[in-house]
Amino acid sequence: MQNAKYQLRCLECGKTITDRYTNTCPEGHDSLLRTVYKRKRIRRLSGKGMFDYIDWLPVEEALSINACPITYKSADFGKELGLKNLYISFSGYWPEKSVFMETCTFKELEAPPTLQRAKEGADRKILVVASAGNTSRAFADVASMTGMPVVAIVPKSSIHRMWTTTENHDCIFLISVDGDYSDAIAISKEIVKIDALIEEGGARNVARRDGMGVVELEAAFFMKVLPNYYFQAVGSGTGAIAAWEAFIRLIEDGRFGQEMPGIVISQNLPFAPMFSAWQDGRAEIIADKDMSNTGEAIEKMYADVLSTRNPPYSVKGGVYDMLGSSNGRIYGITNEECKIAEKLFESEEGIDLDPAASVACASLIKAVDEGFVKKEDKILLNITGGGYKRLREDYKMYEIEERMELNPCSSVQLPLDEIEREVKEFESTKLLASRRVVNV
Ligand SMILES: *Cc1c(COP(=O)(O)O)cnc(C)c1O
Ligand SMILES: [Zn+2]
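Residues numbered from 1 in each chain as written. Chains lettered and ligands numbered in written order. Predicted model: local features only at pLDDT ≥ 70, side-chain atom pairs only at ≥ 80, totals over all residues. Heavy atoms only, no water.

Chemist: How would you explain the overall build of the protein if you had to name every residue and give the values?
Modeler: Of regular secondary structure, the protein possesses 15 helices and 18 strands. Dimensions of the protein, computed from C-alpha atoms along their principal axes, come out at roughly 60 × 50 × 45 Å. Accessible surface, the protein: about 17800 Å² in total, of which carbon and sulfur atoms supply 46%. One way to put it: in the protein the 54 positive side-chain charges average out to a point 6 Å from where the 65 negative ones average out. (Helix = DSSP H or I, 4+ residues; strand = E, 2+ residues; numbered from the N terminus. Areas by Shrake-Rupley, 256 points an atom, 1.4 Å probe, with all protein chains shown as cover. Lys, Arg positive; Asp, Glu negative; His and termini not counted. Charge placed at Lys NZ, Arg CZ, Asp CG, Glu CD.)

Have a look at this one:
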């Protein structure tokens, strides 16, 4: 495969791997795989949404969708904070700024390349995605736009996040779980034993990370140079790992400067396991120390989409390595700080925020107060979600109906036969639909 556009590399053994929707090293190493693209100087094409950056996406063909984040230089919020060079990346719905991501978060950058990569390399298997809502909504939306089917597994308490602006939900097999995010993940691991299905892969899936990396690519072309600091709220930290990897490639590209930005991430207290472990100087999360009273802590969170219990923190190439090699840091943010930051951002910039984006805004305020960032520093603030209220002015939201409800207590003896029958039926009706896939 000398001429392949990209290959995968294991960061542990350095082995080069030809991608067959491969999410782990064949030698069994606990390391993220990273994409190595043949083209080192990225082109910015036009008219293809996020696929304008297809040079650095692990797919051969572009999907015709118009999701793409924007970057702009903040006037008012930056001024309020005393920052002269605050750049905002916005992923969400804000037509006045020409950004039309109708699921309102940057998860919409993960779904298109992931579905396309599965189509190209996963033997026509159907992707299974487990999430606390925003990821599954993004996959559901791209599934209905392209006709590529997905199985989405979501905790019952997050079912209200499952909607799209399209009425047709034929391509979405939604399963609700009477439990939390971790139960949804556990069930997805069982369900993928069914032959027609394949596990999406989460943080280990290069298409998800490189898809989110489009935020940094778009920002680099707008700013013409890498920022000194990058701010993002995290649950899993996958988006921040993606940012780090995109910065590594942009440095290799050579046109945007040579210095790795400081990556500043933030978690919402009281559930902040990575914050807790990092404060303690540990490369491992210890449940007893970093995640006591998990259920109660998660219930108290303002931004509960950030409630990932098993983040890719210690894995090679994960959050711990990212923080170390980018001179990064983590802030723990209280609900009160979130709300204050949210109010200020919304009134200064004129768009509503996802609660997770408010966490990032609060962390920036904290970093300024502490003197960690300076007035002249070039800062990229990733507003990972927003525009829900704005979307409601233009669209109706159609709730996605669940096709099955599962109970995690019975996960040892999940009714796999029954699920398989249902999925087979779903698949046969979807076979026709999948011919509708539009490639450009
Ligand atoms: C998922 C999500 C995040 C956190 O992303 P990571 O995967 O932890 O990097 C932040 N903001 C929003 C709006 C999200 O949906
Ligand atoms: Zn390896």
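Chemist: Summarise helix H6 (residues 214-223); cite the residues concerned and give the values.
Modeler: Taking burial as the measure, the 10 residues of H6 include 9 buried ones, the bulk of the element. Inspection of H6 places Val214, Val215, Glu216, Leu217, Glu218, Ala219, Ala220, Phe221 and Met223 among the buried residues, and these make up the whole buried set. Contacts from the buried residues of H6 go to strand E4 (70-73), strand E5 (85-90), helix H5 (206-212), strand E13 (229-233), helix H7 (238-253) and strand E16 (378-383). A positive phi of about 70 degrees marks Lys224, the residue just after H6. (Buried < 20%, exposed > 50% of the residue type's maximum accessible area, 1.4 Å probe, protein only. Contact = heavy atoms within 4.5 Å.)

Chemist: I'd like a rundown of the sheet that holds E4, residues and numbers included.
Modeler: With respect to topology, 6 strands assemble into an open sheet ordered E4-E5-E16-E13-E14-E15, the strand pairing being mixed. For this open sheet the edge positions go to E4 and strand E15 (329-333), each flanked by a neighbour on one side alone. Ignoring which end each strand starts from, the neighbouring axes of this sheet average 20 degrees apart. Pairing geometry for E4 and E5, over 4 bridges, is antiparallel. Counted as the bridge partner of Thr71 is Ser89 from E5. (Pairing = 2+ DSSP bridges. Axes fitted to C-alpha atoms, helices over the stretch in contact; angles between N-to-C directions.)

Chemist: Mind laying out the nonpolar core, listing which residues take part and the relevant values?
Modeler: The tendency in soluble globular proteins is for nonpolar side chains to be buried as a group. Judged by nonpolar contacts, the single largest core of 125 residues is most densely connected at Phe345, Leu364 and Leu381. Setting aside residues no more than four positions away along its own chain, Phe345 makes contact with Tyr72, Phe77, Ile88, Gly350, Ile351, Leu353, Cys361, Leu381 and Ile383. Of all hydrophobic cores here, the second largest spans 20 residues; its members include Ile126, Ile175, Ile187 and Phe426. (Core = buried A, V, L, I, M, F, W, Y, C linked by side-chain atoms within 4.5 Å.)

Chemist: Quick one: what's the story with the pattern of salt bridges, residue by residue and with numbers?
Modeler: Counted according to the given criterion, the structure contains 28 salt bridges. Its salt-bridge partner being Glu199, residue Lys189 comes within 2.6 Å of it at the nearest N-O pair. Taken as a pair, Lys189 in helix H4 (residues 181-191) and Glu199 in strand E12 (residues 197-199) lie far apart in primary sequence, 10 residues in all. For Asp280, the salt bridge identified is with Arg282, shortest N-O distance 2.8 Å. The class of Asp280 is partly exposed, set by a relative accessible area of 47%. (Salt bridge = Lys/Arg side-chain N within 4 Å of Asp/Glu carboxyl O.)

Chemist: Explain the side chain of Ser89 to me, using residue names and the numbers behind them.
Modeler: Residue placement: Ser89 occurs in strand E5. Once you skip the residues sitting within four places of it in the chain, Ser89 turns out to touch Pro69, Ile70, Thr71, Val215, Leu380, Leu381, Asn382 and Ile383.

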